[in-house]
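Examining the three-dimensional arrangement
Single-letter residue listing:
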Amino acid sequence: MEKKIYLGTGRRKSSVAQVKMTSGSGKITVNGRDVREFFPYETNVMDLMQPLVATNNEKTFDIEVKVNGGGFTGQTGAIRLGITRALLEYDKANEEKEDSYRKILKRAGFVTRDSRIKERKKPGLKAARRAPQFSKR
């Protein structure tokens, strides 16, 4: 029997993550490496696992992620949104029910994309808003 694949794409800052979720034992691979080997900090791993913990699916799915762009924080946020979207695709039939994944994940704040990105540098300034030091004389 063929395993059903659930897909989700997540973005955060300048990172993009493509998530493939299949039924399995809870193994997560990021760019072909184990998640704990890929991310140097345990807080990053805990952050991307939050949607799975909220829906009690830590050991239910195998997750394969392709991520590029940005740093560790942006990539972690992108993977978390991708996992959330894959879980929503998996639970599409139960959307109307009170215990649906959508209601659980929405309440926790995982469904909304964090749209904050780095502001561009403006001419005449040192950074986006940082002006050169003012000198009276």
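Residues numbered from 1 in each chain as written. Predicted model: local features only at pLDDT ≥ 70, side-chain atom pairs only at ≥ 80, totals over all residues. Heavy atoms only, no water.

1. What about the nonpolar core?
Using the following cut-off: The nonpolar core is taken to be a set of buried Ala, Val, Leu, Ile, Met, Phe, Trp, Tyr and Cys residues, with the residues joined through side-chain atoms within 4.5 Å. Per-residue accessibility, obtained with a 1.4 Å probe over protein chains only, is compared with the maximum for each type, and a residue is labelled buried under 20%, exposed over 50%, and partly exposed between these values. Helix and strand assignments follow DSSP, with helices taken as H or I runs no shorter than four residues and strands as E runs no shorter than two, numbered in order from the N terminus. Contacts are assigned to residue pairs that have any heavy atoms within 4.5 Å of one another.
Residues Val30, Ile63 and Ile79 are the most contacted members of the largest nonpolar core, which totals 27 residues. Only strand 2 (15-23), strand 3 (28-30), helix 1 (35-38), helix 2 (42-54), strand 5 (61-68), helix 3 (72-90) and helix 4 (101-108) provide two or more residues apiece to this core. A per-element tally of this core places helix 3 first, with six residues. Apart from the residues within four sequence positions on either side, Ile79 is in contact with Ala17, Val19, Val30, Phe39, Leu48, Val65 and Val67.

2. Quick notes on the packing of aromatic side chains
Filter applied, for reference: Aromatic rings from Phe, Tyr and Trp, taking only the six-membered ring of Trp, are treated as a pair when their centres fall within 6.5 Å; an angle between ring planes under 30 degrees marks them as stacked, one over 60 as edge-to-face, and anything in between as tilted.
One pass over the structure, following the stated rule, counts five aromatic pairs. A ring pair is formed by Tyr6 and Tyr90, whose centres lie 5.2 Å apart and whose planes are at 85 degrees; its orientation type is edge-to-face. Placement of Tyr6 in strand 1 (residues 6-12) and of Tyr90 in helix 3 is noted, with a sequence separation of 84 residues between them. Residue classification places Tyr6 among the buried positions, given a relative accessible area of 13%. On the basis of relative accessible area, Tyr90 is assigned to the partly exposed category, the value being 35%. Residues Phe38 and Phe39 carry aromatic rings whose centres are separated by 5.0 Å and whose planes lie at 85 degrees to one another, so their mutual orientation is edge-to-face. For the residue pair Phe38 and Phe39, the accessibility class agrees, reading buried in each case.

3. Focus: the environment of Ala17
Here Ala17 shows up in strand 2. In this structure Ala17 comes out as buried when scored by relative accessible area, which is 0%. Between the alpha carbons of Ala17 and Thr73 there is a distance of 12 Å; along the sequence they are 56 residues apart. For Ala17, the residues in contact, after removing those within four places along its chain, are Gly8, Thr9, Gly10, Val65, Lys66, Val67, Ala78 and Ile79.

4. Quick look at the side chain of Asn44
The line we're drawing: N or O atoms within 3.5 Å of each other form a polar contact, as long as, within protein, one can give a hydrogen and the other can take it, and as long as residues adjacent in sequence are counted only when both atoms are side-chain atoms.
Checked against the element boundaries, Asn44 lands in helix 2. Within the structure, the side chain of Asn44 is placed 3.4 Å from the side chain of Thr76, a separation counted as a polar contact.

5. Quick notes on the layout of surface pockets
Defined as follows: Grid points spaced at 1 Å over the protein atoms alone were grouped into cavities, where a 1.4 Å probe fits but cannot get out, and pockets, open sets with protein on both sides within 12 Å along at least five of seven lines, with lining residues defined by an atom within 4 Å of a point. Grid points are joined across faces, edges and corners, and a volume is the space filled by probe spheres set on the points. Ten residue types, Ala, Val, Leu, Ile, Met, Phe, Trp, Tyr, Cys and Pro, are classed as nonpolar, four, Asp, Glu, Lys and Arg, as charged, and the remainder, Gly among them, as polar.
Roughly 150 Å³ of internal volume is contained in the largest pocket. Every residue along the wall of the largest pocket is listed here: Arg11, Arg12, Asp47, Thr73, Gly77, Arg80, Leu81, Gly109, Phe110, Thr112, Arg113 and Asp114. Elements supplying a minimum of two residues to the lining of the largest pocket: strand 1 and helix 3. A breakdown of the residues in the lining of the largest pocket according to their chemical character gives two nonpolar, four polar and six charged.

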